[in-house]
Amino acid sequence: MAGALNAKQNKLLSSPLKIWYGNDEYNYSTPERFGIKGPAVRENLDLVNYTEVHSYGVSSYLHINNCDVSAADLSGLDISKATFDDFTIWPQDISKMPKDFNPQEFMEKRKNPGLGIRQLHKQGIEGKGWNIAIIDASVLRPHLEYRDSLADYINLKDGDLSRAYANGGWGVSVMVGKTCGVAPKAKLYYFAVDFVDNDYSTYARALDKVCDLHQNLKSLGQNGIDVVVLNNLYDKENLAEALQRARKLGIFVYTSLVNQTALECRMYGDVDDPDDYVVHNNRVSDENSLCLIGYGQTVPCQYTIGSYLFNATSNLRTFWLAGLYILGKCVKENLTSEKFFKMAFDTGDYRKGIGVIVNPQKLIAQLSK
């Protein structure tokens, strides 16, 4: 009903029902967003050579999601370095667009989790019967991409939810999304927590709740929590007791503190071909590191329940690997995180200047023996 009421106003949207608008100052963009003002806007809107300035430095990666960039000449833009969504307004003049670029077709192709994951799905290795937990900020629960995979949503937030940033859905979709997910048939328990600088007490409380849930599921004769992802965690000192409890229960706790190299696929590369991947942002990589897909994937857009966003600028490797671990559990029930990482490295594809790129099909084949 709400969708019908909004259909006229939002007739161009892929999903008429608007759920969350976020911070208008940041998300609704005109040329002024890029520091360009005055009557010469059309002539001065150079986004190909534009660099974004952040608190942590300068980036050549561009955010044009929910933006009107119809005045720009984007013919020279490397689209793999631009975050955009269903609401980006592109130039109507095809000569101003990147060559052979169709936004919807590009986003659809990048829903593929990559590196042969979908071939495993065709073999029935999809995560059915296994469970993931995630401790993160808010998520847009009714999004069509993953709402059927959410086993439960446990709200541990104390703050005001009215302006909650709902990008937790990106990680959810990479793990268990029906079209974007590495393990689309797994079930996910979401624990929503507050982010407070230098205070990780809510993480400890949430991790204890995950352990309680794990024990409860086991007591009911079901699989417990096989892996829990603690997103945006940069300090484990206050979590020692909860981490120890989780590990004793056999739960693989995966955090953003684990150091692996994040890759992105080239502009028009084949997401299943390791030769088409480069280290994100041209960073120097340790050639002995395990390399995972972290950028350049299509994920749910947080504005509506059916829209999508191509993510070039947020590292989602933690979630991608958690999904792969679940696929490993599908063929080797007693798999441990230590065995998983060693096998992932041993079966990976070494690329000079990059490192060892994980090879999911070789990994699963070896674990199946």
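As a starting point, this report considers the structure included with it. Here, residues in each chain are numbered from 1, in the same order as that chain's written sequence. Given that this is a predicted model, residues contribute local features only at a pLDDT of at least 70 and side-chain atom pairs are listed and counted only at 80 or more, while totals for whole chains, interfaces and linings are drawn from all residues. Neither water nor hydrogens contribute to the side-chain values; these are computed over all heavy atoms in the structure.

1. Notes on the packing of helix 10 (residues 337–346) against helix 11 (residues 360–367)
All axes are obtained by fitting lines to C-alpha atoms, using only the stretch in contact for helices, and the reported angles, taken between N-to-C directions, cover 0 to 180 degrees. A helix here means a DSSP run of H or I that spans at least four residues, while a strand means a run of E at least two residues long, and both kinds are numbered starting from the N terminus. Packing of helix 10 against helix 11 leaves a shortest axis separation of 9 Å and a crossing angle of 125 degrees. Comparing the axis directions of helix 10 and helix 11 gives the class oblique. Crossing of helix 10 against helix 11: the hand is right-handed. Here helix 10 contributes Phe340, Met343 and Ala344 to the contact with helix 11, which in turn contributes Leu363, Gln366 and Leu367. A breakdown of the residues in the contact of helix 10 with helix 11 according to their chemical character gives five nonpolar, one polar and no charged. Orientation is classified from the angle alone, with under 35 degrees giving roughly parallel, over 145 giving roughly antiparallel, 65 to 115 giving roughly perpendicular, and any other angle giving oblique. We call a crossing left-handed when the near helix sits turned anticlockwise from the far one by less than a right angle, and right-handed when that turn is clockwise. A contact between two residues is defined here by any heavy atoms of the two lying within 4.5 Å. Polarity classes work like this: nonpolar for Ala, Val, Leu, Ile, Met, Phe, Trp, Tyr, Cys and Pro, charged for Asp, Glu, Lys and Arg, and polar for all others, with Gly in that last group.

2. A closer look at the nonpolar core
Put simply, buried Ala, Val, Leu, Ile, Met, Phe, Trp, Tyr and Cys residues joined by side-chain atoms within 4.5 Å make one nonpolar core. In this scheme, a residue with accessible area under 20% of its type's maximum is buried, one over 50% is exposed, and one in between is partly exposed, where area comes from a 1.4 Å probe on protein chains only. Met175, Leu188, Tyr190, Trp320, Leu324 and Leu327 are the most contacted members of the largest nonpolar core, which has 61 residues in total. Grouped together as the second largest cluster of nonpolar side chains are 24 residues, Leu217, Leu230, Ala246 and Ile251 included.

3. What about the sheet that holds strand 13 (residues 297–300)?
Ordered in space as 3-4-14-13, the four strands form an open sheet in which the pairing is mixed. Lying at the two open borders of the sheet, with one neighbouring strand each, are strand 3 (62–63) and strand 13. A pair of strands is labelled paired if DSSP reports no fewer than 2 bridges between them.

4. Concerning the layout of surface pockets
Within this model, the second largest pocket holds a volume of roughly 490 Å³. Together, 27 residues line the second largest pocket, and Asp226, Gly250, Ile251, Phe252 and Tyr325 are the ones closest to its centre. Put simply, the parts of the chain that give the lining of the second largest pocket at least two residues each are helix 7 (201–219), helix 8 (240–248), strand 9 (252–255), helix 9 (317–331) and helix 10. The biggest single contributor to the lining of the second largest pocket is strand 9, with four residues. A cavity here means a set of 1 Å grid points, computed over protein atoms only, where a 1.4 Å probe fits but cannot escape. A pocket is an open set with protein on both sides within 12 Å along at least 5 of 7 lines, and lining residues have an atom within 4 Å of a point. Grid points are joined across faces, edges and corners, and a volume is the space filled by probe spheres set on the points.

5. What to know about helix 9
Helices are assigned an expected span. That span is 1.5 Å times one less than the residue count. Given a rise of 1.5 Å per residue, 15 residues ought to cover 21 Å, and the 22 Å separating the end C-alpha atoms of helix 9 matches this to within 8%. Most of helix 9 is tucked away, with 13 of its 15 residues classed as buried.

6. So, empty space enclosed by the protein
Under the criterion given, the structure shown has one cavity of 30 Å³ or more. Approximately 40 Å³ is the volume found for the largest cavity. In terms of lining residues, the largest cavity is bounded by Arg110, Asn112, Pro113, Gly114, Cys265, Val271, Tyr277, Ile293, Tyr295, Gly296 and Gln297. Of the residues that constitute the lining of the largest cavity, the class distribution is six nonpolar, four polar and one charged.

7. Observations regarding the sheet that holds strand 9
Read across the sheet, five strands follow the order 6-7-5-8-9 without closing on themselves; strand pairing throughout is parallel. Both edges of this open sheet fall to strand 6 (150–155) and strand 9, since each of them pairs with a single strand only. Adjacent strand axes in the sheet meet at a mean angle of 15 degrees when their direction is disregarded. Sheet topology note: the strand 8 (residues 227–230)/strand 9 ladder contains four bridges and is parallel. Bridged to leucine 230 within strand 9 is threonine 255.

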